[in-house]
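# Observations on chain architecture
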Amino acid sequence: QVQLVESGGRLVQAGDSLRLSCAASGFTFSSFAMGWFRQAAGKGRDFVAAISGSGGVTYHTDSVKGRFTISRDNAKNTVYLQMNSLKPEDTAVYYCATGRTAYRTAYAYDYWGQGTQVTVSS
């Protein structure tokens, strides 16, 4: 029923920009918060950014502030993650998730996408 499909991940060079998209279906998109998380090889799933249902409140983890921006287009049922000035440390599988409120912890989210691989080379 609930489906989240990420896209846009690819191999890029350090300093490049990339825009990830997450297309949602199966629920009232504008009523729920959306989040982006990432998981590097051999590590846990870490918070990246979150946005409230209306788009009025956003959070970004310190390591991406000033470089990444989360946004959403409720008319298109899509959430985005604009990533600028990419660094090798950003290499990870990026996951989109939905939950009731824009919290910073993975446990606050109920449904997850399949992930999209972002690789940043030197």
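Below is a summary of the structure that appears in this document. (Residues numbered from 1 in each chain as written. Predicted model: local features only at pLDDT ≥ 70, side-chain atom pairs only at ≥ 80, totals over all residues. Heavy atoms only, no water.)

### Points about the pairing of strand 11 (residues 116–121)
Of the two faces of strand 11, the one holding Thr116, Val118 and Val120 is buried and the one holding Gln117, Thr119 and Ser121 is not buried anywhere. Two elements, strand 2 (residues 11–13) and strand 11, share 3 bridges in a ladder whose sense is parallel. Considered in strand 11, the bridge of Val12 is made with Val120. Two elements, strand 9 (residues 92–99) and strand 11, share 3 bridges in a ladder whose sense is antiparallel. Among the inter-strand pairings, Ala92 is bridged to a residue of strand 11, identified as Val118. (Buried < 20%, exposed > 50% of the residue type's maximum accessible area, 1.4 Å probe, protein only. Helix = DSSP H or I, 4+ residues; strand = E, 2+ residues; numbered from the N terminus. Pairing = 2+ DSSP bridges.)

### Some details on the pattern of salt bridges
Overall, the coordinates contain 3 salt bridges when judged by the stated rule. Across the salt bridge formed by Asp90 and Arg38, the nearest N and O atoms sit 2.9 Å from each other. Of this pair, Asp90 sits in the loop between strand 8 (78–83) and strand 9 while Arg38 sits in strand 4 (residues 33–39), placing them 52 residues apart in sequence. Residue Asp90 shares its accessibility class with Arg38, and that shared class is buried. Arg67 is the salt-bridge partner of Asp90, the closest N and O atoms lying 2.8 Å from each other. A residue pair is termed long-range when its members are at least 10 positions apart, and Asp90 in the loop between strand 8 and strand 9 and Arg67 in the loop between strand 6 (58–60) and strand 7 (68–73) qualify at 23 residues. Of the two residues, Asp90 and Arg67, both sit in the buried class. Through salt bridges with shared partners, one network takes in Arg38, Arg67 and Asp90. (Salt bridge = Lys/Arg side-chain N within 4 Å of Asp/Glu carboxyl O.)

### Concerning the state of the cysteines
Under the criterion given, the structure shown has 1 disulfide. The disulfide that involves Cys22 links it to Cys96, with 2.1 Å between the sulfurs. When the S-S torsion is -80 degrees, as for the bridge of Cys22 with Cys96, the disulfide is left-handed. Taken together, the residues Cys22 in strand 3 (residues 18–25) and Cys96 in strand 9 connect sequence positions 74 residues apart. (Disulfide = S-S within 2.5 Å.)

### A short note on the environment of Ala102
Counting through the fold element by element, Ala102 comes out in the loop between strand 9 and strand 10 (109–112). For Ala102, a relative accessible area of 8% puts it in the buried group. Remark: the alpha-carbon pair of Ala102 and Gly55, spanning 47 residues in sequence, is separated by 10.0 Å. What Ala102 contacts, discounting residues up to four positions off in sequence, is Ala33, Ala50, Ile51, Ser52, Tyr59 and Tyr109. (Contact = heavy atoms within 4.5 Å.)

### Some thoughts on the sheet that holds strand 3
What holds strands together in a sheet is hydrogen bonding between their backbones, with the strands either parallel or antiparallel. Judged by pairing direction, the sheet is antiparallel, and its 4 strands sit side by side in the order 1-3-8-7 without closing on themselves. Looking at the sheet topology across the chains shown, the edges are occupied by strand 1 (3–7) and strand 7. Here the average twist between neighbouring strands, direction ignored, is 15 degrees. Sheet topology note: the strand 1/strand 3 ladder contains 5 bridges and is antiparallel. Looking across to strand 3, one finds that Val5 is bridged to Ala23. (Axes fitted to C-alpha atoms, helices over the stretch in contact; angles between N-to-C directions.)

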